[in-house]
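Chain by chain, the residues:
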Amino acid sequence: MELHPLTLPPLSTSGEVITFYSYKGGTGRTMALSNIAVLLARLQNATTPVLMIDWDLEAPGLHHYFADQQQEPRPGVLELFEHCREQLQHHRNGAALDDEDWAHDVLSTIDWGQYVTRVDQGSQLYLMRAGRFDDSYGERLAAMHWEELFYSCPALFRCFADRLSRHFRYVLVDSRTGRTDSAGICTTLLPRKLVVVFTPNRQSLEGVQALVARATTYRRSHEDEQRPLLVYPLPSRIEMGDSLQRAQWRRGDERLRILGYQPSFEELIRDCYGMQHLSLESYFDEVQLQQTRTFAYGEQVAVQLDQGGDRFSLTRTFEAFLAWLAPGYFPWQSHREIHLLSAIAEARRALEAGGGAGRAVPQPLARDLNLLGELYRREGKLRQALACFEESLVLRQRGLGEDHPDTLVSKTNLATALRLQGKLEEAQFLEECVVDARERLLGAEHFDTLAARSALAITMGLQGRLAEALAIQDAVIDTYMRLLGAEHLLTLSAKAARAELLLQRGDTEHARSVQEQVLAARKRLLGAEHADTLRSKTALAQTLVHMQELDAARSLLETVLHAHLRRLGPDHPETRKAREQLVELQLQLGMPAVELQPVHELHQNAAMDDYGDALVRPGRARSAAAANSLWSRSSDELVALDGYLSAPRTPSR
């Protein structure tokens with residue numbers, strides 16, 4: 001053990017404080033912190049300085065995970081703030097300094113290095129213990145009144161965190177449990193990131209959620225503390241062998257009155273951050289700390305012992321959690337998104353560095369940007385999708401040329417994003433370029449050429465050039481019919497696009513007939529709950545709204561919503577969209593937006609089965625203005641997605 005005070009040079013950019021909190025003991029909070037600290041210290045060829053602080057002063061135990069290096073008594077958190085208290089009591093300089101300057105003045109009298117010990121000779125991993133555990137420790141701890149210390153200098157703890165962040169890339173704080181003054185300091189005043197560790201039981205879950213609500217409210221409401229606070233829920237002690245109970249506690253079970261920690265945290269984070277929609281589905285798919293016999297006893301660091309990192313190991317789980325925590329990605333960002341963002345960031349760094357590695361980067365970077373753009377488009381994040389597609393296209397044009405297949409893929413994707421944003425002239429220009437290139441390189445009847453023409457027809461229809469658009473689409477359908485037959489999936493997709501053009505022209509009867517044919521064929525070929533079948537049901541419901549047959553439209557939308565709830569869950573974007581459409585229609589019918597009742601299994605051989613008995617009831621009269629207002633903003637999106645998902649394309653590149 002080092003007996004001399006520690007000295008570390010300042011970092012070029014400040015680090016960050018991450019607090020680990022649990023409402024109850026026994027969650028594995030300290031174990032989680034220890035493992036994350038070891039992994040962080042290994043970053044950048046083990047040159048990343050990481051400090052662990054044991055602030056659980058009533059039940060200190062972090063030092064036991066690194067016991068071999070902790071033989072000498074050494075001052076820690078308690079002694080450091082005893083010194084701060086003395087300085088505040090005897091050396092205040094009146095009104096000469098404001099609160100923050102005074103805090104820095106007090107902290108400058110303390111050599112923090114004497115409170116910190118290196119605990120790993122293979123990396124820059126350091127520990128600040130709870131304190132010196134002599135005979136007076138308990139008495140001295142009882143005399144430390146954290147609330148009084150805070151009110152005597154409110155900026156003290158924030159400035160303390162800032163000073164340590166100048167020398168350590170990561171400062172990990174092991175907080176006291178429960179609702180105590182020291183826990184409030186650790187969770188509200190110190191961190192930029194807050195990891196709340198909980199076990200799947202109501203008491204643990206409600207405790208950490210209440211703490212999160214208090215901490216985020218404090219940060220928003222106090223002028224001096226309006227700093228970002230990223231919250232990362234960490235379920236722990238999860239029994240992997242009981243899949244039923246694991247699913248019940250994660251997603252909830254109304255019959256057993258279990259709320260489920262995923263929907264509970266989704267609601268909490270939406271409220272705390274003022275967000276309308278978010279999903280933690282991908283995050284909780286990857287982040288659940290499993291219960292293991294090996295590490296149930298004693299203080300062992302799993303990532304030091306279990307370095308194989310296979311998919312059943314705690315090491316793999318901690319590494320998955322670190323993928324969100326270390327770079328600062330939000331927990332509602334999907335695993336796929338953060339993987340692509342990480343790859344893109346690494347490629348950009350290589351580009352900036354130049355050399356041989358930099359010259360090999362542009363096309364893999366363009367591929368990842370294109371994939372990320374497709375992900376954002378599926379999630380409805382059109383602005384982000386557009387930026388990704390634009391950058392991907394520029395890289396491919398520069399490196400591959402205008403007519404390379406990858407360049408044409410980027411042009412097609414960019415055109416679709418532009419169309420969905422209403423930038424129709426720009427979309428048309430790109431789509432005409434793609435059609436011209438496809439015809440020259442592949443021929444007029446190649447499937448990629450036909451898909452490009454169909455996309456151009458959609459854009460022209462939205463521009464009001466319906467006669468030209470229908471002529472193009474009819475020619476595409478004729479070619480598909482001749483080459484593939486009337487019920488091939490590509491033929492059906494082209495027919496669905498044609499029906500949308502007919503609806504835009506006002507030919508609702510003809511549009512409805514085509515949509516019913518497409519729906520019946522898709523149900524027979526793909527199944528009643530396939531994504532394309534559900535899109536057909538939604539498009540047909542839209543046509544029925546235009547025809548004032550609102551009861552029939554409602555019946556269709558109910559089946560779509562039930563299918564999405566079963567297959568995608570309540571928070572998927574498609575489920576939310578279906579619910580919003582149904583609620584809007586229910587309001588037009590004068591019905592309350594009530595919880596849906598289960599529906600009977602639908603037949604799969606005819607579109608008419610989806611109407612139920614709605615068509616035999618007399619339709620209610622509705623104004624044309626009300627009918628035309630429903631979903632008018634998303635009609636192009638339904639057809640665009642239909643064509644996008646069904647059209648022939650090479651794999652995303």
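Residues numbered from 1 in each chain as written. Predicted model: local features only at pLDDT ≥ 70, side-chain atom pairs only at ≥ 80, totals over all residues. Heavy atoms only, no water.

## A word on the overall build of the protein
For the record, the criterion: Strands are runs of DSSP state E lasting at least 2 residues, helices are runs of H or I lasting at least 4, and numbering of each runs from the N terminus. Partly exposed describes any residue whose relative accessible area lies between the buried limit of under 20% and the exposed limit of over 50%, with all areas from a 1.4 Å probe on protein chains only and scaled to the type maximum. Values of accessible area rely on a 1.4 Å probe in the Shrake-Rupley scheme; residue burial ignores everything except the protein chains shown.
For the protein, the helix and strand inventory stands at 29 helices and seven strands. Within the protein, the proportion of its 653 residues that are buried is 52%. Put simply, the protein shows about 29300 Å² of open surface, and 50% of that area lies on carbon and sulfur atoms.

## As for the pattern of salt bridges
Where charged atoms from two side chains of opposite charge approach closely, those side chains can pair. Counted only if it meets this: Salt bridge, as applied in this entry: a Lys or Arg side-chain nitrogen positioned within 4 Å of an Asp or Glu carboxyl oxygen.
Summed over all chains, the structure comprises 34 salt bridges. Salt-bridge contacts for Arg-348 lead to Glu-391; the nearest nitrogen and oxygen are separated by 2.5 Å. Here Arg-348, found in helix 15 (residues 335–353), pairs with Glu-391, found in helix 18 (residues 382–400); they are 43 residues apart in sequence, far enough to count as distant. Looking at Glu-391, the relative accessible area reads 28%, which means it is partly exposed.

## A look at the environment of Glu-16
Applicable threshold: Note on contacts: a residue pair qualifies if any of its non-hydrogen atoms lie within 4.5 Å across the two residues.
Checked against the element boundaries, Glu-16 lands in strand 1 (residues 16–21). The sequence separation of Glu-16 and Ala-326 amounts to 310 residues, and the corresponding C-alpha distance is 9.9 Å. Not counting residues up to four positions away in its chain, the partners in contact with Glu-16 are Ser-165, Phe-168, Arg-169, Tyr-170, Val-171, Arg-192, Lys-193, Leu-325 and Ala-326.

## Points about the sheet that holds strand 5 (residues 170–174)
Spelled out, the test is: Only strands that DSSP links by at least two bridges are regarded as paired with each other. The axes are straight lines fitted to the C-alpha atoms, using for helices just the contacting stretch, and the angles between their N-to-C directions are given from 0 to 180°.
Within the open sheet, the seven strands sit side by side as 3-4-2-5-1-6-7. Their pairing is mixed. The sheet is open, and its two borders are formed by strand 3 (117–120) and strand 7 (230–235), each paired with just one other strand. Recorded for the sheet is a direction-independent mean angle of 25 degrees between the axes of neighbouring strands. Judged from the four bridges that link them, strand 2 (residues 50–54) and strand 4 (residues 125–128) form a sheet pairing that is parallel. Bridging across to strand 4, Met-52 finds its partner in Leu-127. Most of the contacts of helix 1 (residues 29–41) go to strand 5, to which it runs at about 170 degrees, and overall it touches strand 1, strand 2, strand 4, strand 5, strand 6 (193–198) and strand 7.

## Focus: the pairing of strand 1
Of all six residues in strand 1, six are buried; the element is thus mostly enclosed. Where burial is concerned, the two faces of strand 1 agree: the one with Glu-16, Ile-18 and Phe-20 and the one with Val-17, Thr-19 and Tyr-21 are both buried.

## A look at the confidence of the model for the protein
Let me state the cut-off plainly: A score between 0 and 100, pLDDT records how confident the predictor is in each residue.
Looking at the protein, pLDDT values average 86 and 87% of them are 70 or higher. Element-level mean pLDDT values for the protein span from 38 in helix 29 (residues 635–646) up to 98 in strand 5. Confidence drops under a pLDDT of 50 for residues 612–651, and excluding neighbours within four residues, the segment shows 87 contacts in the predicted structure.

## With respect to the packing of aromatic side chains
Operational definition: Between 30 and 60 degrees the pair is tilted, below 30 it is stacked and above 60 it is edge-to-face, where a pair is any two Phe, Tyr or Trp rings, Trp via its six-membered ring, whose centres lie within 6.5 Å.
Following the criterion strictly, the structure yields 21 aromatic pairs and no others. Considering the side-chain rings of Trp-55 and Phe-160, the 6.1 Å spacing of their centres and the 80 degrees angle between planes classify their relative orientation as edge-to-face. Of the two residues, Trp-55 is situated in the loop between strand 2 and helix 3 (77–90) and Phe-160 in helix 7 (residues 156–165); the sequence distance between them amounts to 105 residues. Side by side, Trp-55 and Phe-160 carry an identical accessibility label, which is buried. Judged by centre distance (5.6 Å) and plane angle (70 degrees), the ring pair of Phe-81 and Trp-146 falls under edge-to-face. Of the two residues, Phe-81 is situated in helix 3 and Trp-146 in helix 6 (residues 146–152); the sequence distance between them amounts to 65 residues. Given a relative accessible area of 0%, Phe-81 falls into the buried group. Ring pairs connect the aromatic residues Phe-198, Tyr-261, Phe-265, Tyr-283, Phe-284 and Trp-324, which therefore count as one cluster.

## Digging into the packing of helix 9 (residues 202–221) against helix 11 (residues 261–273)
Stated formally: Roughly parallel means an angle under 35 degrees; roughly antiparallel, over 145; roughly perpendicular, 65 to 115; everything else is oblique. Only Asp, Glu, Lys and Arg are considered charged in this grouping, and only Ala, Val, Leu, Ile, Met, Phe, Trp, Tyr, Cys and Pro are considered nonpolar; every other residue, Gly among them, is considered polar.
At a closest axis distance of 10 Å, the pairing of helix 9 and helix 11 adopts a crossing angle of 10 degrees. Comparing their axes, helix 11 and helix 9 come out roughly parallel. Taken together, the residues of helix 11 that come into contact with helix 9 (itself represented by Leu-205, Val-208, Gln-209, Val-212, Ala-213, Thr-216 and Arg-220) are Tyr-261, Ser-264, Phe-265, Leu-268 and Cys-272. Counted by class, the contact of helix 9 with helix 11 contains eight nonpolar, three polar and one charged residues.

## With respect to the environment of Lys-193
Along the chain, Lys-193 turns up in strand 6. Overall, the relative accessible area of 1% leaves Lys-193 in the buried class. In this structure the C-alpha to C-alpha distance between Lys-193 and Ala-326, which are 133 residues apart in sequence, comes to 9.7 Å. In this structure, Lys-193 is in contact with Glu-16, Val-17, Ile-18, Thr-19, Leu-229, Leu-230, Tyr-232, Leu-325, Ala-326, Pro-327 and Gly-328, ignoring residues within four places of it in sequence.

## Observations concerning unusual backbone geometry
Positive phi values are uncommon outside glycine, yet Gln-44 reaches one of about 55 degrees. Along the chain, the position of Gln-44 falls in helix 2 (residues 43–46). Residues other than glycine seldom take positive phi values, yet Arg-237 does so here, at roughly 55 degrees. As for its position among the elements, Arg-237 is in the loop between strand 7 and helix 10 (243–251).

## Comments concerning the side chain of Thr-19
Worth spelling out the cut-off: Here a polar contact means two N or O atoms within 3.5 Å. Within protein one must be a hydrogen donor candidate and the other an acceptor candidate, and residues neighboring in sequence count only if both atoms are side-chain atoms.
One can find Thr-19 in strand 1. Looking at Thr-19, the relative accessible area reads 0%, which means it is buried. Reaching out from Thr-19, the side chain makes a polar contact with the backbone oxygen of Cys-186 at a distance of 2.6 Å. The contact partners of Thr-19, leaving out residues within four places of it in the chain, are Val-173, Ser-175, Cys-186, Thr-187, Pro-191, Lys-193, Leu-194 and Val-195.

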